[in-house]
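Reading the structure
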Amino acid sequence: MNYAPLPSVDVAAVPSDGLVLDVRENDEWAAGHVEGALHVPMSDFVGRFGEVAEAAEAGRRVHVMCRVGGRSAQVTQYLVQQGVDAVNIEGGMLAWDGAGRPMVTESGSAPFVL
């Protein structure tokens, strides 16, 4: 069986108004995340798939993010199998932070990658 390579993008290629799906757990999200990202922890993903599908309607590309890229790769593969235009963000939040891309917290404290 041949598998197509997993679609992925560098953090620099994620548009500032792009749809980012963060699949990290709640404590990771609270430490720091991309402003405007949709937070659906991987552990809740199947049950909340409808939210993701709705956000991706009209052909919006979904940029899937976790800490380093492993969990997001699994979610990206699932989304692609469901016909969603999804890409894995290479290196995840660690690469995002390393590239100096902006992060926020809901508490107003300094964001960091947990």
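Throughout what follows, the structure given in this document is the object of discussion. (Residues numbered from 1 in each chain as written. Predicted model: local features only at pLDDT ≥ 70, side-chain atom pairs only at ≥ 80, totals over all residues. Heavy atoms only, no water.)

**Describing the pairing of strand 4 (residues 62-65)**
The side-chain alternation of strand 4 yields two buried faces, one formed by Val-62 and Val-64 and the other by His-63 and Met-65. Of the strand pairs in this sheet, strand 2 (residues 19-22) and strand 4 are connected by four bridges, and their pairing is parallel. If you follow Val-20 over to strand 4, its bridge partner there is His-63. By the bridge criterion, three bridges tie strand 4 to strand 5 (residues 86-89) in an arrangement that is parallel. Of the residues in strand 5, the one forming a bridge with Val-64 is Asn-88. Where the polypeptide runs from strand 4 across helix 3 (residues 70-81) and back to strand 5, its parallel neighbour, the crossover connection is right-handed. (Buried < 20%, exposed > 50% of the residue type's maximum accessible area, 1.4 Å probe, protein only. Helix = DSSP H or I, 4+ residues; strand = E, 2+ residues; numbered from the N terminus. Pairing = 2+ DSSP bridges. Right-handed = clockwise from strand over helix to strand, strands pointing away.)

**Observations concerning the environment of Glu-25**
Here Glu-25 is to be found in the loop between strand 2 and helix 1 (26-31). Considering only alpha carbons, one finds Glu-25 and Met-42, 17 residues apart in sequence, at a separation of 7.2 Å. There is a polar contact of 3.1 Å between the side chain of Glu-25 and the side chain of Ser-43. (Polar contact = N/O pair within 3.5 Å; in protein donor to acceptor, adjacent residues only side chain to side chain.)

**With respect to the packing of aromatic side chains**
Under the defined criterion, the tally for this structure stands at three aromatic pairs. A connected cluster of aromatic rings, assembled from ring pairs, spans Phe-45, Phe-49 and Tyr-78. (Phe/Tyr/Trp six-rings, centres within 6.5 Å; stacked < 30°, edge-to-face > 60°.)

**A few points about the sheet that holds strand 4**
Taken in spatial order, the five strands make up an open sheet running 1-5-4-2-3, and their pairing is parallel. In this open sheet, the two edge strands, each paired with only one partner strand, are strand 1 (8-9) and strand 3 (38-39). On the sheet, helix 3 packs against strand 2, strand 4 and strand 5 and is oriented at approximately 170° with respect to strand 5. (Contact = heavy atoms within 4.5 Å. Axes fitted to C-alpha atoms, helices over the stretch in contact; angles between N-to-C directions.)

**Some details on the pattern of salt bridges**
Applying the stated rule across the entire model yields four salt bridges. Where Arg-71 meets Glu-28, a salt bridge forms, and the shortest distance between an N and an O atom there is 2.9 Å. With Arg-71 in helix 3 and Glu-28 in helix 1, the pair connects residues that are 43 residues apart, well separated along the chain. For Arg-71, a relative accessible area of 23% puts it in the partly exposed group. Between Glu-51 and Arg-48 there is a salt bridge, and its shortest N-O distance comes to 2.7 Å. By relative accessible area, Arg-48 is classed as partly exposed at 26%. (Salt bridge = Lys/Arg side-chain N within 4 Å of Asp/Glu carboxyl O.)

**Some words on helix 3**
Between its terminal C-alpha atoms helix 3 stretches 17 Å, which fits the 16 Å expected from 12 residues at 1.5 Å a residue. Buried residues in helix 3 make contact with strand 2, helix 2 (49-55), strand 4 and strand 5. Just beyond helix 3, the residue with positive phi is Gly-83, at close to 85°. (Expected span 1.5 Å × (residues − 1).)

**A closer look at the nonpolar core**
With 16 residues, the main nonpolar core has Leu-21, Phe-45, Val-52, Val-62, Val-64, Val-75 and Leu-79 as its most contacted residues. In terms of nonpolar packing, the next biggest core, distinct from the first, is built from 14 residues, Val-14, Trp-29, Ile-89 and Val-113 among them. (Core = buried A, V, L, I, M, F, W, Y, C linked by side-chain atoms within 4.5 Å.)

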